[in-house]
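# Analysis of the macromolecular model
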Amino acid sequence: PLTNIAGLWLLEQILEEFGVQPAGDRAWTALIKGAERAPRSAVLLDVEDPAFVNPRSMRAAIDACLRRHHGRPPAGLGGYLRLICDSLGQGHAVALRRFERLSGRVFKRILLTGGGAKNRLLCQATADAAGRPVFACGQEGAATGNLASQLIALGEVKDLSAFRELLARLQPPIAYHPRPSTVSA
C-alpha cells in the first residue's frame, strides 16, 4: 500500500514563519539537532486535521489545536519541529494500522522515501510510534517507481523484487528501529 501524509507542509510553513530557510545538509542537520533536544510535547497534532491544510498562520493553527487539547505551544522553533516530527510519526503509525485493518495483514516495516526520509528525527519518531523499523530511502518514491516500471518494461530488470534488490545495493536504506519505551500507537 502507498499513502501520502502531507505533513512536511507543516514543517515548511513553520520554517517560513520563523524566517528560516535552511540551505544544504549542514543547516538541516543543525535544525534537527536543535529539535532533538526539545522536550516531547504531551499533546500531538492530528496531521490529518483540515485546520493544517492552508491556514493563514501555521503557528497559530498549531497553537490553537494544542490549546483545544489542553497542550502548551512550544517555546521556539526547535520545539515546533519536534512537535511536527513526533506528530507525523504518529500519523504514519495511524496510517499503518489502517492498512493492516483493511488488508488483514501485519506489516513488518515501513519504507519512507523522499525528503522526509532525510529527516532522522521524523524517521525515528515514525519507528517509535509504529513499533516497526523504518527504512529511509532518500530518493523520491514516485520517480523511483516510474524508473522501476520503465526498467521492467524494457526487460532490463526482471521484476519489482529484482529492482528493489538492485536499488538497495546501489543506495542502501538507513534503518531506524523503534525504541521499546516509546511505542505509542
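Residues numbered from 1 in each chain as written. Predicted model: local features only at pLDDT ≥ 70, side-chain atom pairs only at ≥ 80, totals over all residues. Heavy atoms only, no water.

## Looking at the overall build of the chain
Quick reminder of the rule: Put simply, DSSP marks the helices as runs of H or I at least four residues long and the strands as runs of E at least two long, and each gets a number from the N terminus on. Note on classification: 1.4 Å probe, protein chains only; a residue is buried when its accessible area is under 20% of the maximum for its type, exposed when over 50%, partly exposed between these limits. Between two residues, a contact is recorded if the distance between any of their heavy atoms is within 4.5 Å. Note on areas: Shrake-Rupley, 1.4 Å probe, and residue coverage restricted to the protein chains presented here. Under this rule, positive means Lys or Arg and negative means Asp or Glu; His and the chain ends count for nothing. Lysine's charge is taken at NZ, arginine's at CZ, aspartate's at CG and glutamate's at CD.
Within the chain, the regular secondary structure consists of seven helices and three strands. Moving toward the C terminus, one meets the helices and strands of the chain in the order α-α-α-α-β-α-β-α-α-β. Dimensions of the chain along its principal axes, counting C-alpha atoms only, are 55 × 40 × 30 Å. A burial count over the chain gives 39% of its 185 residues as buried. Taking all contacts inside the chain whose residues are at least 6 apart in sequence as the whole, residues at least 24 apart take part in 70%. Accessible area of the chain: about 11,100 Å², with a carbon and sulfur share of 54%. When the 23 basic and 16 acidic side-chain charges of the chain are each reduced to a single mean position, those positions are 6 Å apart.

## Topic: the packing of aromatic side chains
What counts, and what does not: Aromatic rings from Phe, Tyr and Trp, with only the six-membered ring used for Trp, were paired whenever their centres fell within 6.5 Å, and each pair was classed as stacked if the ring planes differed by under 30 degrees, edge-to-face if by over 60, and tilted otherwise.
Throughout the structure, instances matching the rule amount to one aromatic pair. Pairing F18 with Y80 gives two aromatic rings, centres 5.7 Å apart and planes at 55°, and the pair type is tilted. One end of the pair, F18, is in the loop between α1 (8-17) and α2 (25-37); the other, Y80, is in helix α4 (residues 77-103), and 62 residues separate them in sequence. A relative accessible area of 27% places F18 in the partly exposed class.

## Quick notes on the pattern of salt bridges
In plain terms, the rule: Salt bridges are defined as contacts in which a side-chain nitrogen from Lys or Arg sits within 4 Å of a carboxyl oxygen from Asp or Glu.
Here the structure, examined in full by the defined rule, presents seven salt bridges. Across the pair R179 and D128 runs a salt bridge, and its minimum N-O distance is 2.3 Å. Residue R179 is located in the segment after β3 (174-176), and its partner D128 is located in helix α5 (residues 120-130); the two are separated by 51 residues in the primary sequence. Among the residues examined, R179 registers a relative accessible area of 43% and is labelled partly exposed.

## Quick notes on α5
The condition that has to hold: Identification of polar contacts relies on pairs of N or O atoms within 3.5 Å, with a donor-acceptor requirement for protein atoms, meaning one able to donate a hydrogen and the other able to accept it, and with residues adjacent in sequence counted only if both atoms are side-chain atoms.
Where burial is concerned, most of α5 is hidden: 10 out of the 11 residues are buried. Inspection of α5 places L121, L122, C123, Q124, A125, T126, A127, D128, A129 and A130 among the buried residues, and these make up the whole buried set. Contact partners of the buried residues in α5: α1, α2, α4, β1 (110-113), β2 (134-137) and β3. Among the residues of α5, the N-terminal cap falls to N119, whose side-chain oxygen and the backbone nitrogen of L121 are separated by 3.0 Å. Downstream of α5 by a residue or two, G131 has a phi angle that is positive, lying close to 70°.

## Focus: the nonpolar core
For clarity, the cut-off: What is meant by a nonpolar core is a set of buried Ala, Val, Leu, Ile, Met, Phe, Trp, Tyr and Cys residues, joined one to another through side-chain atoms within 4.5 Å.
One finds L45, F52 and I62 to be the most contacted residues of the largest nonpolar core, which totals 38 residues. Going through the elements one at a time, α1, α2, α3 (58-68), α4, β1, α5 and β2 are the ones with two or more residues in this core. Setting aside chain neighbours within four positions, we find F52 in contact with W9, L10, L45, D46, M58, A61, I62 and C65.

## Considering the sheet that holds β3
For clarity, the cut-off: Criterion used throughout: strands pair if DSSP finds at least two bridges between them. Axis lines are fitted to C-alpha atoms, over the contacting stretch for helices. Their N-to-C directions set the angle, which ranges from 0 to 180 degrees.
The three strands are arranged β1-β2-β3 in an open sheet whose pairing can be described as mixed. Edge positions in the sheet fall to β1 and β3, since each of these pairs with one other strand and no more. Averaged over all adjacent pairs, the angle separating strand axes in this sheet is 25°, with direction ignored. Where β1 lies against β2, four bridges are found, and the strand directions are parallel.

## Concerning the environment of A142
The residue A142 is located in helix α6 (residues 141-153) in this model. Between the alpha carbons of A142 and T113 there is a distance of 9.1 Å; along the sequence they are 29 residues apart.

## Regarding α1
Regarding α1, the residues found buried are L10, L11, Q13, I14 and L15. The inward-facing, buried residues of α1 abut α2, α3 and α4. Directly after α1, the chain includes G19, whose backbone phi takes a positive value near 70°.

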